[in-house]
Amino acid sequence: MIFFCLIIKVIIKNLHIKKENDSGSFSIPLPQGVTAEQVSIENKYILQELWVSIEGCDGAFFDQQWISGDTSSILSGTYESREDRVVLKLLLGNIYECKNLLEHGRLLVEPVNPHSVYDKIVVIDPLDGSQIWGAGKGSISENQVALEVARQLQSKVQESDMKFYFTRLENVERSLQLRQYFVETLKPDLVIEIGTSQDTEAFGGQYGVQAWYNTYFTPEISSVKMADELVKNVVI
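A short tour of the structure in this document, coming up. (Residues numbered from 1 in each chain as written. Predicted model: local features only at pLDDT ≥ 70, side-chain atom pairs only at ≥ 80, totals over all residues. Heavy atoms only, no water.)

### Quick word on the overall build of the protein
In terms of helices and strands, the protein carries four helices and 15 strands. Among the 236 residues that make up the protein, the fraction classed as buried is 34%. For the protein, the share of sequence-separated contacts (at least 6 apart) that also reach a separation of at least 24 residues comes to 66%. Element-wise, carbon and sulfur atoms account for 51% of the exposed surface of the protein, whose accessible area totals about 15,300 Å². (Helix = DSSP H or I, 4+ residues; strand = E, 2+ residues; numbered from the N terminus. Buried < 20%, exposed > 50% of the residue type's maximum accessible area, 1.4 Å probe, protein only. Contact = heavy atoms within 4.5 Å. Areas by Shrake-Rupley, 256 points an atom, 1.4 Å probe, with all protein chains shown as cover.)

### Points about the layout of surface pockets
Taken as a whole, the second largest pocket holds about 610 Å³ of empty space. Forming the boundary of the second largest pocket are 26 residues, of which Asn43, Tyr45, Gln154, Phe166 and Leu169 lie nearest the centre. Secondary structure elements with two or more residues in the lining of the second largest pocket: strand E4 (39-44), strand E9 (97-103) and strand E14 (163-166). By residue class, the composition of the lining of the second largest pocket is 13 nonpolar, six polar and seven charged. (1 Å grid on protein atoms, 1.4 Å probe; cavity = no way out; pocket = protein on both sides within 12 Å on 5 of 7 lines; lining within 4 Å. Points joined across faces, edges and corners; volume = space filled by probe spheres on them. Nonpolar A, V, L, I, M, F, W, Y, C, P; charged D, E, K, R; others polar.)

### Side note on the pattern of salt bridges
Per the stated rule, a full pass over the model turns up eleven salt bridges. Put simply, Arg179 and Asp125 hold a salt bridge, and the shortest N to O gap is 3.0 Å. Of the two residues, Arg179 sits in helix H3 (residues 176-186) while Asp125 sits in strand E11 (residues 121-126), which places them 54 residues apart along the sequence. Taken as a pair, Arg179 and Asp125 share a single burial class, namely buried. Three or more residues are tied together by salt bridges with common partners; here these are Glu55, Asp84 and Arg85. (Salt bridge = Lys/Arg side-chain N within 4 Å of Asp/Glu carboxyl O.)

### Focus on the side chain of Arg168
You can see Arg168 is positioned in the loop between E14 and H3. Taking the relative accessible area as the measure of exposure, Arg168 reaches 2% and is therefore buried. In terms of polar contacts, Arg168 uses its side chain to reach the backbone carbonyl oxygen of Pro126, at 3.2 Å. (Polar contact = N/O pair within 3.5 Å; in protein donor to acceptor, adjacent residues only side chain to side chain.)

### Details of the packing of aromatic side chains
Tallied over the entire structure, the rule returns four aromatic pairs. Note on Phe62 and Tyr79: the rings are 5.9 Å apart at their centroids and 45° apart in plane angle, and the pair reads as tilted. Residue Phe62 is located in helix H1 (residues 61-64), and its partner Tyr79 is located in strand E7 (residues 74-81); the two are separated by 17 residues in the primary sequence. Judged by centre distance (6.4 Å) and plane angle (70°), the rings of Tyr165 and Phe182 are edge-to-face. A residue pair is termed long-range when its members are at least 10 positions apart, and Tyr165 in strand E14 and Phe182 in helix H3 qualify at 17 residues. (Phe/Tyr/Trp six-rings, centres within 6.5 Å; stacked < 30°, edge-to-face > 60°.)

Put into structure tokens, the structure is as follows:
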């Protein structure tokens, strides 16, 4: 029997970054001929990272090129050379929405405070993740239930006037410290945590949907009223 081992080599290097002005936006140079269809941007909000993927780009291009403009929002940056693309990973100093525009061979990025873009901000926090399964029974775990509810909720709120941020939409673990830091930094109007419990004795042997809420904070819609609405609108 013959075994094959495929090794994919990923080269990671530091980006050249320089602050030139206070314009509020920074500029990423692109190789000649690169179109908007070859550039994809992913904002990793909870990690405070902005990923820019450029198809058909050689990593050597960024050995000599600089990210410039108002780079005060960038703490550091690296790039990875892959088979068919280069992926830039920028670590940002805060949680931003990043407006972008591709023109004259450069990608212009303007980081802005989410509260200046959206009237209301909600954080959805599905518990557990990765190898942390949480409460469950049989083959059903808190990890799976919370993640599936979050994914279905994401599909329902695409057209909402409010902005929904999710601590995870994949089977990955987010530490309590990271999730708390995310909420404290973002300062959302509402935080909804999704989880399960198998301790039926603690609830008098009852099953179903429960909503826990705090009693010391009263936004425009009170915590108790919001909890009541959540329970009423859950479909099992």
